[in-house]
Amino acid sequence: MILSSLLSSLLTYFAIVAFVLLSIWIGIHLGQYIQRHKKNGKNLSAGSIVSAMLALLGFMLALTLSLVSSRYAARKALVLEEANALGTAILRTDFLEEPLRTQSRQLLIDYVDLRSQVQDIRNISQLQKLLVDSEAIQDELWSLANKASSEEKDTEVFALYIQSLNEVIDLHSERYNQGLQYRLHPTIWFLTYFVTMLAMVAVGYEFGLSNSGSVLGFLLLALMFSAIVLVILDLDKTATKSLIPVSQQPIIDLQEKLKSSSK
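Residues numbered from 1 in each chain as written. Predicted model: local features only at pLDDT ≥ 70, side-chain atom pairs only at ≥ 80, totals over all residues. Heavy atoms only, no water.

Draft legend 1. A look at the overall build of the protein chain. In terms of regular secondary structure, the protein chain is built from eight helices and zero strands. Taken from N to C terminus, the helices and strands of the protein chain fall in the order α-α-α-α-α-α-α-α. Across the 263 residues in the protein chain, those meeting the buried criterion constitute 39%. The contacts in the protein chain between residues at least 6 apart in sequence include a share of 84% that link residues at least 24 apart. For the protein chain, the computed accessible surface area is about 14,800 Å², with 63% contributed by carbon and sulfur atoms. (Helix = DSSP H or I, 4+ residues; strand = E, 2+ residues; numbered from the N terminus. Buried < 20%, exposed > 50% of the residue type's maximum accessible area, 1.4 Å probe, protein only. Contact = heavy atoms within 4.5 Å. Areas by Shrake-Rupley, 256 points an atom, 1.4 Å probe, with all protein chains shown as cover.)

So, in structure tokens, the structure goes:
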């Protein structure tokens, strides 16, 4: 699956490179055409306009990168929050009455094992199955707690456990929304590519007017710009397709801790 994601990213990268080079090529031919048909002595240079368009493009890329980076950071923070919530819920099961204590603790341990598998999932169907299994364990935990609610003598301790369990369920929903639902709006991508096309056409137009520039220079420009766009695209992808996945290390560390404590 990693190879498939890498191949998909490479194809996307070269498609962006081709798009940029095509825009520059159109601009060069437009500039050369205008240069051949200009009136004598008329200055057609558009250097200041090109600079302004490149500055606008840089601003859009910075803004878009900031948006996806902040959401990526939020996904990382949610992993840590979920690990802490699970650890707290497992600790609070010690204050429950039997058989709720043993049953709930084992279900939470199974839940930790399940959530730790997110790191290795590279297929959307596997991810959907993991989500279904996670929600099944949540339903079972809530059902056990609901049945035992009238039997628990220390309602304050039981309420603390319910609070932790509710937090675990809420964090599942937040991770689902952040990881699979929230994406950059298509309008932002359309504007980014539209401004890119106009800016690169303007760059080519300026070079066409002056008959300057080199193939190597155009290629380097396209490669560097496309690399930035590719990073933005990758950070905006789901975990199953991204080459920069969110680390599940906090959950894995909790899993290892639980295994070592049970020995």
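Draft legend 2. Quick peek at the side chain of Arg115. Counting through the fold element by element, Arg115 comes out in helix α3 (residues 100-115). Residue classification places Arg115 among the buried positions, given a relative accessible area of 3%. Here the side chain of Arg115 touches His172 through a polar contact of 3.0 Å, side chain to side chain. Every residue in contact with Arg115, bar those within four places of it in the chain, is listed here: Glu82, Leu130, Ser134, His172, Arg175, Gln248 and Ile251. (Polar contact = N/O pair within 3.5 Å; in protein donor to acceptor, adjacent residues only side chain to side chain.)

Draft legend 3. Focus on a nonpolar patch on the surface. On the surface, a nonpolar cluster with roughly 540 Å² of combined accessible area is contributed by Leu6, Leu10, Phe14, Leu65, Val231, Leu243 and Ile244. Of all the elements, helix α1 (residues 2-36) adds the most residues to the nonpolar patch, at three residues. With respect to the element layout, Phe14 can be found in helix α1. (Patch = residues over 30% accessible without salt bridge, like charges linked within 9 Å, V, L, I, M, F, W, Y side chains within 5 Å. Salt bridge = Lys/Arg side-chain N within 4 Å of Asp/Glu carboxyl O.)

Draft legend 4. Highlighting the nonpolar core. Of all hydrophobic cores here, the largest spans 58 residues; its most connected members are Leu86, Tyr161 and Phe225. Contributing elements (two or more residues each) for this core: α1, α2 (47-92), α3, α4 (124-148), α5 (155-181), α6 (186-210), α7 (215-235) and α8 (249-261). Looking at this core, the element that brings in the most residues is α2, giving twelve residues. If near-sequence neighbours (up to four positions away) are discounted, Tyr161 is found in contact with Ala89, Arg92, Thr93, Leu96, Ser104, Leu108, Leu141 and Ala145. (Core = buried A, V, L, I, M, F, W, Y, C linked by side-chain atoms within 4.5 Å.)

Draft legend 5. Geometry of the packing of aromatic side chains. All chains considered together, the criterion is met by six aromatic pairs. Aromatic pair Phe190 and Phe194: ring centres 6.0 Å apart, planes at 10 degrees, arrangement stacked. Separated by four residues within a single helix, Phe190 and Phe194 lie in helix α6, roughly one turn from each other. What makes Phe190 exposed here is its relative accessible area of 56%. Phe194 gets classed as partly exposed once you look at its relative accessible area, which sits at 38%. Counting every residue linked through ring pairs, the aromatic cluster contains Phe19, Trp189 and Tyr193. (Phe/Tyr/Trp six-rings, centres within 6.5 Å; stacked < 30°, edge-to-face > 60°.)

Draft legend 6. Broad picture of the environment of Phe158. Looking at the element boundaries, Phe158 is found in helix α5. By relative accessible area, which is 8% here, Phe158 ends up buried. Taking the C-alpha atoms as reference, Phe158 lies 9.4 Å from Glu97; in sequence the two are 61 residues apart.

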